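# Close look at the chain arrangement
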Amino acid sequence: MLTINFLGTGAGNCIYRCHTSMVLDWDNGARIMLDTGSGNSSLINGAKLGIFSNDIHQILLSHGHFDHMGGLPHIQGNRTSIIPDAPPLQVYGSKITLDRVMKLFEATSITHKVDTNGVSDSSGNRLIEWTVVNPDHGVDLEGGIRAYPFEVDHISGAMGWHMECSNISVVFSGDTRICDTVATASSGVDVLIHEALGTEEYSDNIKRRGHSTAAEAGQTAHLASAKRLIMTHIGTQFHNNTNSLIQEAEQYFKGQIEVANDLSQMIVEN
Ligand SMILES: [Zn+2]
Ligand SMILES: [Zn+2]
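Let me begin by describing the structure that accompanies this report. The structure presented is a predicted model; accordingly, all values stated were derived computationally and were not measured.

For the rest of this paragraph, the subject is helix α8 (residues 242-250). Where α8 is concerned, the buried positions are L245, E248 and A249. Looking straight down α8, one finds its buried side chains confined to an arc of 95 degrees; they lie on one side. Tucked into the core, α8 has its buried residues touching α7 (214-224), β14 (228-232) and β15 (256-259).

Among the five residues of strand β13 (residues 191-195), five are classified as buried, and the element is accordingly described as predominantly covered. The two faces of β13 match: V191, I193 and E195 on one face and L192 and H194 on the other face are all buried. For strand β12 (residues 168-172) and β13, the ladder comprises three bridges, and the chain directions are parallel. For V171, the partnering residue across the bridge sits in β13 and is L192. Remark: the β12/helix α5 (residues 180-185)/β13 crossover connection has right-handed handedness. With four bridges connecting them, β13 and β14 associate as parallel partners. Residue pairing across strands places E195 opposite T232, the latter belonging to β14.

To continue, consider the sheet that holds strand β10 (residues 145-151). Strand order in this open sheet of seven strands is β9-β10-β11-β12-β13-β14-β15, and the pairing throughout is mixed. Each edge of the sheet is formed by a strand with only one pairing partner; in this case those strands are β9 (139-141) and β15. Recorded for the sheet is a direction-independent mean angle of 20 degrees between the axes of neighbouring strands. The pairing of β14 with β15 spans four bridges and is classified as parallel. Paired with R228 across the two strands is Q256, which belongs to β15. Across the sheet, α7 is in contact with β13 and β14; its angle to β13 comes to roughly 155 degrees. Running at roughly 155 degrees to β15, α8 makes contact with β14 and β15 of the sheet.

Here we come to the sheet that holds strand β6 (residues 113-115). Read from one edge to the other, the open sheet built from nine strands follows the order β6-β7-β8-β5-β4-β3-β2-β1-β16, with strand pairing classed as mixed. Of all the strands in the sheet, just β6 and β16 (265-268) have a single pairing partner and so form its edges. Between one strand axis and the next, the sheet turns through 20 degrees on average, direction left out of account.

Further remarks concern the environment of V259. Position of V259 among the secondary structure elements: in strand β15. Distance from V259 to L245, taken between C-alpha atoms, is 7.9 Å for residues 14 residues apart in sequence. Sequence-distant contacts of V259, that is, excluding residues within four places in its chain, are made with M231, I234, T242, L245 and I246.

Reading the values: the criteria
- Residues numbered from 1 in each chain as written.
- Chains lettered and ligands numbered in written order.
- Predicted model: local features only at pLDDT ≥ 70, side-chain atom pairs only at ≥ 80, totals over all residues.
- Buried ≥ 20, exposed ≤ 12 C-beta atoms within 10 Å, placed from the backbone.
- Helix = DSSP H or I, 4+ residues; strand = E, 2+ residues; numbered from the N terminus.
- Arc of directions from axis to C-beta.
- Contact = placed C-beta atoms within 7 Å.
- Pairing = 2+ DSSP bridges.
- Right-handed = clockwise from strand over helix to strand, strands pointing away.
- Axes fitted to C-alpha atoms, helices over the stretch in contact; angles between N-to-C directions.

The following block contains the structure:
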């Protein structure tokens, strides 16, 4: 069994939802955080679900936009304050994404030392280790999770992630325009978590900003023969109108379709 804990489900400009972050918990104890949201939103919503930073040890990043990785300094800071001698937080992303993360830490840290391998405190103790992962090269993570990144169509260095553990597979599209790589990586997957900024009515604007509509999320789930589609990264005008997203995706995908909300906990059985 897998529990997907949604800590943030809003697009960058959403004023009702926190920025994108989720924690995947397999029942063998394997845990991964996908994106960090921005600011302290993942810490606040995590605490509401009983998920605290001292139990976060590995984080996958989709890309270098602030609404997806800006929470990392706060997660690290809180984690270090709770367990000062914790093993370094492991962070995985593309080179371009991790370059942006380095710049964020360099710009904001007072006592930390930042280098190409991670972040250390003033005494040289490693607080974060980051690992550059290239698209189409998988990594084996703690808990027996196999994570496989793939390129998507958003900004330079943006990737989606395919994860598998205990015979349950999940794909997170990250931010992306509709693209074949998501469908290919999601072939037969148990759950496709796909971004959906809005409906086709706003298609031009959504595509221009590098995102997908609910119809496109449905098309991708259909093309991939995914078993289930969960939409996230919702725009402001659809915060209270998620039915229109579901109705649009239903035109293309006949499997189970949901829209995640902040604090949603969705169960996936194997
Ligand atoms: Zn975003
Ligand atoms: Zn983005």
